[in-house]
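Listed below are the residues making up each chain.
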Amino acid sequence: MGSGTLIELIIKNPRRTFLVFLVASVGMIIVALYMEHYLGLKPCILCYMQRGSVIIIGILAALGMIINPKKILTYKIILSSIFLSIISGALLSIRQLYLQSLPADLVPSCAPDMEYLFSTLPFLEILILAFTGDGNCAEILWTFMGISIPGWVLISLSFLLIYCVFIFKKVNEIHSHN
C-alpha cells in the first residue's frame, strides 16, 4: 500500500474523513477519563470546557458519518462546525497554558467546586468563570516530556486543525469521488 493509496483511503471519502475526527476525539476522551479515574487527577473548569470541545468534535464527526453528506454544502457545514470546535478547544488550552505560566502571586484565586458553582450561580456566571479560569486551572498536575495536559490537548487539536484545513482544501476533490 503506497502513500498515495493511504492518503486516498483517509481523505477521499466523507465518511472516512469524519472517522478520523471521531477516533481522535474518542481517544482524547478515553485518555482524559483514564487520567481522572485511574490516576486520580481532578479536572478544573477549563479542563471540562476542553473536554466539551472534544466531545462536540466527536458528536459532529459521528453525525457526519451517519448523514454521509452527498451535498457539498452539508459537508462543508459539518466540517466548519468541527473546525470551530477545534479552535475553541485550542483557545481554552492556550488560556490554561497561560494560567500555568503565571508566577504564583499572579495566579487568580481558586473557585469553589463545580457542584457548588452549579447549585449557587446562574449559568452565565459559570460560563464566564469557565472561560477565564481560576487558580485550579493554573495547577500543573501531570506532565509528559515536560508538557502539561493542556499542552498535549493543544498539540492534539493542532493536528486535527491541520487535517481539517487540508480536508477543506480537498473538499471539491472528495465530493467528486462520490
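A. Just the environment of Ser 81, in detail. Positionally, Ser 81 belongs in helix H4 (residues 72-101). Owing to a relative accessible area of 26%, Ser 81 belongs among the partly exposed residues under this scheme.

B. Inspection of the layout of surface pockets at higher detail. Looking at the largest pocket, its volume works out to about 730 Å³. Along the wall of the largest pocket there are 38 residues; nearest its centre are Pro 43, Cys 44, Cys 47, Arg 51 and Ile 149. In terms of residue count, helix H2 (residues 14-37) provides more of the lining of the largest pocket than any other element does, seven residues in total. The class makeup of the residues in the lining of the largest pocket is 24 nonpolar, seven polar and seven charged.

C. Just helix H6 (residues 123-132), in detail. When we look at burial in H6, the residues that qualify are Ile 126, Leu 129 and Ala 130. Buried residues along H6 cover an arc of 105 degrees about the axis, so they all sit on one side. Among the exposed residues of H6, those oriented more than 90 degrees off its buried face are Leu 124 and Ile 128. Downstream of H6 by a residue or two, Gly 133 has a phi angle that is positive, lying close to 80 degrees.

Cut-offs applied
Residues numbered from 1 in each chain as written. Predicted model: local features only at pLDDT ≥ 70, side-chain atom pairs only at ≥ 80, totals over all residues. Heavy atoms only, no water. Helix = DSSP H or I, 4+ residues; strand = E, 2+ residues; numbered from the N terminus. Buried < 20%, exposed > 50% of the residue type's maximum accessible area, 1.4 Å probe, protein only. 1 Å grid on protein atoms, 1.4 Å probe; cavity = no way out; pocket = protein on both sides within 12 Å on 5 of 7 lines; lining within 4 Å. Points joined across faces, edges and corners; volume = space filled by probe spheres on them. Nonpolar A, V, L, I, M, F, W, Y, C, P; charged D, E, K, R; others polar. Arc of directions from axis to C-beta.

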